[in-house]
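As a plain string of letters, each chain reads:
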Amino acid sequence: MTLKQIEGSQGVAEAVALCRPEVICAYPISPQTHIVEGLGEMVKVGQLRAEFLNVESEFAAMSVAIGSSAAGARTYTATASQGLLFMAEAVFNAAGLGLPIVMTIANRAIGAPINIWNDHSDSMSLRDCGWIQLFAETNQEAIDLHIQAFKLAEELSVPVMVCMDGFILTHAYERVDVPLQEQVDAFLPSFEPRQVLDPARPVSIGAMVGPEAYTEVRVLAHAKQIQALTLIPEIAAQFKAHFGRDSGGLIKPYCCEGAHTVVIALGSVLGTIKDVVDELRTQGCAIGVLGITSFRPFPLTEIRQALQGCQRVLVLEKSFAVGVGGIVATNVRMALDGTGQKVLTVVAGLGGRAITKSSLAATLTAAMNDLLEPFSFMDLQQEVIDRALGRERQIRRSGPVAESVLRDIGSVASQIC
Amino acid sequence: MSHQPVKFYQTGTFTVGNRLLDESIRSVQATKTRSNSLNSGHRACQGCGEALGARYALDAAMDVSHHQLIAANATGCLEVFSTPYPETSWQLPWIHSLFGNAAAVATGIAAALRIKGRSEVRVIAQGGDGGTTDIGFGCLSGMFERNDDVLYLCYDNEAYMNTGVQRSSATPPAVRTATTLPVGAEPGNVFGQGKFVPTIAMAHGIPYVATATVADLFDLEYKVKKAIQIRGAKYLHIFVPCPLGWGAASSDTIKLADMAKECGLFPVFEAEHGKVTGVSKIRKLIPVEEYLKRQRRYAHLFGKSPATDVISKIQARADENIRMYGLLATDVR
């Protein structure tokens with residue numbers, strides 16, 4: 001065990017290096033950049049033997065990853081936000097081809113308006129692309145999930161995204177346990193691809209498939225995700241046996257037994273939620289928390305079981321499906337189909353808005369007292385919305401929305417609490 | 001610059017004519033051991049220049065690499081007609097990912113081979129003009145700029161043929177396509193400066209850039225073999241007529257490729273590190289009109305009142321190529 005006081009990105013870089021990736025594609029985007037920079041330094045000093053490629057875009061990063069993975073090399077890249085969208089076509093393609101690439105997403109909002117801060121809009125936008133999506137709660141878990149991700153990806157021949165909150169985790173310095181090389185070597189076998197571009201045994205990868213077989217190929221991709229529902233807990237158990245700590249798995253129930261209200265969330269906000277729930281429980285409230293680590297595959301059965309007996313579920317989302325509402329909540333409702341359990345959605349933390357303990361306590365209390373709307377936003381400045389809508393009613397050329405709202409709010413500094 | 005050891009003037013230099021040659025100097029296509037990398041049975045149209053170009057290029061590349069070759073393919077005719085699931089014509093390891101990323105996928109393959117110490121395995125990327133000069137241009141330029149160890153083969157038929165003959169940035173002025181009609185006063189492509197990727201590739205200073213046509217098999221094979229043996233980024237732009245998209249007879253593919261070179265519209269040359277090192281001279285100069293007339297994509301220029309002004313502007317482009325590259329036999333480089 002090596003305890004280190006390091007930045008989250010550095011921890012992830014060290015964890016990825018311990019997995020001995022052979023090809024790393026790097027393209028800068030905040031808040032991911034420190035990860036590939038960290039890996040680059042390790043390649044430079046010879047600590048890591050890998051091809052480190054400076055590519056010209058995220059689209060190229062994923063395309064290079066597709067090529068190197070198909071040629072049998074363990075391949076890693078990282079991105080965020082606009083970068084993930086820019087590579088979207090290749091992200092789908094990597095999954096469709098069944099290439100076990102591992103990619104970190106340093107979760108960040110999507111523009112316009114351009115915003116570098118954290119929420120889950122980026123990962124959520126590609127939730128159905130065929131990649132496995134694991135969300136880290138802490139920097140320690142981010143480290144551990146990467147080590148598990150390579151094993152999971154290569155066993156199934158499916159790409160895996162490890163999602164960690166941008167800045168909140170990537171840029172936070174805290175003490176983490178970085179495993180030893182021999183531990184990781186014992187846990188993670190070398191990459192034995194199911195398909196490889198090899199002159200000795202030529203294959204054609206990426207053939208055209210028409211209506212006669214397209215459905216079956218897609219269902220086989222789904223079958224991999226279903227297999228992952230079994231494999232993810234197995235790998236987490238193996239991880240515990242090797243490294244002595246709980247990390248990963250499908251879901252993380254916290255005080256769910258006997259809880260009337262359960263809060264569901266993904267990622268680092270779970271820490272704050274647990275603190276608030278601890279306080280509410282000391283006041284006698286029957287409330288628990290359910291963290292979702294594996295968002296894809298979505299563990300319908302496990303979530304349904306974990307929520308058995310509770311009356312209401314509050315899904316706290318760092319993403320927002322414009323025109324509909326919650327994304328995680330929609331999936332949770334699917335898990336609870338027919339149970340009659342109430343599912344409330346609260347959207348919080350968009351574009352990096354702080355999710356404070358006091359706001360959380362107020363929201364959770366309102367939920368427990370059935371005072372919360374089925375769909376709401378935490379800490380929304382309704383007067384700003386009203387003024388903007390009013391302006392649009394009055395003036396045809398009301399101007400760019402973001403600029404008008406900023407002018408309305410005044411200086412940014414006054415908003416930081 | 002001619003790479004055909006013996007010329008057959010009665011039948012034209014560019015007939016295969018290999019039976020008359022000693023085995024040791026025959027083209028790869030004429031050997032019994034050619035790899036048939038793009039095997040028969042694929043769905044290309046009759047007279048497809050791209051199928052021919054790919055077959056010539058890959059068999060030569062397989063030959064010189066001793067069958068240690070991997071190909072990345074852009075979306076397009078070549079990909080679609082060669083791999084109708086569950087069949088494939090490819091006799092070498094081959095991957096198709098997307099329309100715009102063949103160069104980057106090839107970069108990834110090359111990186112994997114490098115870290116694994118497989119330096120004997122060579123990598124090619126290939127695509128049509130749309131996948132190269134338009135949608136794949138960013139990845140192509142990135143591959144050049146990093147000098148990745150990849151040979152990129154562009155099969156240029158001067159439009160998006162797979163989707164039904166739409167204009168690309170490689171479509172020459174005055175060519176009629178499905179999407180040139182709404183732009184400009186004439187039905188043909190407007191006169192812009194166009195995008196000639198070989199010279200842009202040269203501007204990257206990469207070790208090797210060349211152009212070729214399917215009409216000159218020996219020259220094409222020579223350039224592929226040379227390129228495969230060079231470490232770093234290489235670009236070969238192969239002119240491949242498309243009977244369907246050009247409105248030409250299937251039996252005219254080789255003839256049109258030859259005429260494009262002979263009139264000066266398509267300069268055939270090679271360049272190293274950004275400098276032209278050799279050109280294929282025009283054997284018998286022809287006016288562009290002869291080349292244009294055989295293709296329905298230029299039909300609007302002819303008829304009762306020929307668009308002589310447009311034809312002379314096209315001729316001026318050919319003349320400029322002839323001057324710039326020194327394509328006449330009398331030109332000394």
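Since we're looking at a predicted model, the values are computed, not measured.

A.B. asks: Any chance you could explain the overall build of chain A here in plain terms?
C.D. replies: In terms of regular secondary structure, chain A is built from 15 helices and 16 strands. The C-alpha atoms of chain A give a radius of gyration of 22 Å, which matches the 22 Å a tight globule of 417 residues would have. Each of the three principal axes of chain A carries a C-alpha extent, and together these read 70 × 55 × 55 Å. The buried share among the 417 residues of chain A stands at 56%. Of all intrachain contacts in chain A linking residues separated by at least 6 positions in sequence, the fraction that spans at least 24 positions is 80%. If you sum the accessible surface of chain A, you get close to 17600 Å²; carbon and sulfur atoms cover 55% of it. Charge centroids of chain A, computed over 32 positive and 43 negative side chains, lie 3 Å from each other.

A.B. asks: Looking at this structure, how should I read the pattern of salt bridges?
C.D. replies: If the charged atoms of two oppositely charged side chains come close together, the side chains can form a pair. Residue and element names in this part refer to chain A. Within the structure shown, the criterion is met by 34 salt bridges over all chains. Two residues, E14 and K4, come together in a salt bridge whose shortest N-O distance is 2.5 Å. Note that E14 is positioned in helix α1 (residues 8–18) and K4 in strand β1 (residues 2–7), a separation of 10 residues in sequence. By relative accessible area, which is 29% here, K4 ends up partly exposed. Between R127 and D128 there is a salt bridge, with its nearest N and O atoms 3.7 Å apart. Residue R127 is classed as partly exposed on the basis of its relative accessible area of 23%. On the basis of relative accessibility, which here comes to 49%, the residue D128 falls in the partly exposed class. Several salt bridges share partner residues, and in doing so they unite E137, E141, K252 and K274 into one network.

A.B. asks: Please clarify how the environment of A142 of chain A should be interpreted in this entry.
C.D. replies: All names here are of chain A. With respect to the helices and strands, the residue A142 is situated in helix α7 (residues 139–156). In the structure, A142 is positioned 131 residues away from G11 in sequence and 8.2 Å away in space, judged by C-alpha atoms. The contacts of A142, once residues within four sequence positions are left out, are V12, A136, V162 and M164.

A.B. asks: Hey, could you run me through the interface of chain B and chain A in this one?
C.D. replies: A common measure of how large an interface is: the accessible area buried when the components associate. With 38 residues of chain B in contact, the opposing surface of chain A contributes 37 residues. Taken together, both faces of the contact between chain B and chain A bury some 2900 Å²; the carbon and sulfur share is 64%. At the boundary of chain B with chain A, the tally comes to three salt bridges. Measuring nitrogen to oxygen at the nearest pair gives 2.7 Å for the salt bridge that ties E51 of chain A to R114 of chain B. Our count for the contact surface shared by chain B and chain A stands at 14 residue pairs in polar contact (both at pLDDT 80 or more). Those elements that place two or more of their residues in the side of chain B that touches chain A are β1 (69–73), α2 (77–82), β2 (94–96), α3 (102–115) and α5 (137–145) of chain B. For the side of chain B that touches chain A, the element with the most residues is α3 of chain B, which contributes nine residues. Partitioned by chemical class, the residues of the side of chain B that touches chain A number 19 nonpolar, 13 polar and six charged.

A.B. asks: I'm lost on the sheet that holds strand β6 (residues 132–135) of chain A in this one. Help?
C.D. replies: Consider a sheet: its strands pair through backbone hydrogen bonds, and that pairing is either parallel or antiparallel. Residues and elements named next belong to chain A. Here seven strands make up an open sheet; going across it, the order is β3-β2-β4-β5-β7-β6-β13 and the pairing mixed. One side of each edge strand has no neighbouring strand; the edge strands of this open sheet are β3 (51–54) and β13 (294–296). Here the average twist between neighbouring strands, direction ignored, is 20°. As defined by bridge partners, strand β2 (residues 23–26) adjoins β3 across four bridges and the pair is classed as parallel. Across the sheet, the residue bridging to A26 is N54, located in β3. Most of the contacts of helix α9 (residues 214–243) go to β6, to which it runs at about 35°, and overall it touches β6 and β13.

The rules behind the values
Residues numbered from 1 in each chain as written. Chains lettered and ligands numbered in written order. Predicted model: local features only at pLDDT ≥ 70, side-chain atom pairs only at ≥ 80, totals over all residues. Heavy atoms only, no water. Helix = DSSP H or I, 4+ residues; strand = E, 2+ residues; numbered from the N terminus. Rg over C-alpha atoms; globule rule 2.2 N^0.38 Å. Buried < 20%, exposed > 50% of the residue type's maximum accessible area, 1.4 Å probe, protein only. Contact = heavy atoms within 4.5 Å. Areas by Shrake-Rupley, 256 points an atom, 1.4 Å probe, with all protein chains shown as cover. Lys, Arg positive; Asp, Glu negative; His and termini not counted. Charge placed at Lys NZ, Arg CZ, Asp CG, Glu CD. Salt bridge = Lys/Arg side-chain N within 4 Å of Asp/Glu carboxyl O. Buried area = accessible area lost by both parts, 1.4 Å probe. Polar contact = N/O pair within 3.5 Å; in protein donor to acceptor, adjacent residues only side chain to side chain. Nonpolar A, V, L, I, M, F, W, Y, C, P; charged D, E, K, R; others polar. Pairing = 2+ DSSP bridges. Axes fitted to C-alpha atoms, helices over the stretch in contact; angles between N-to-C directions.

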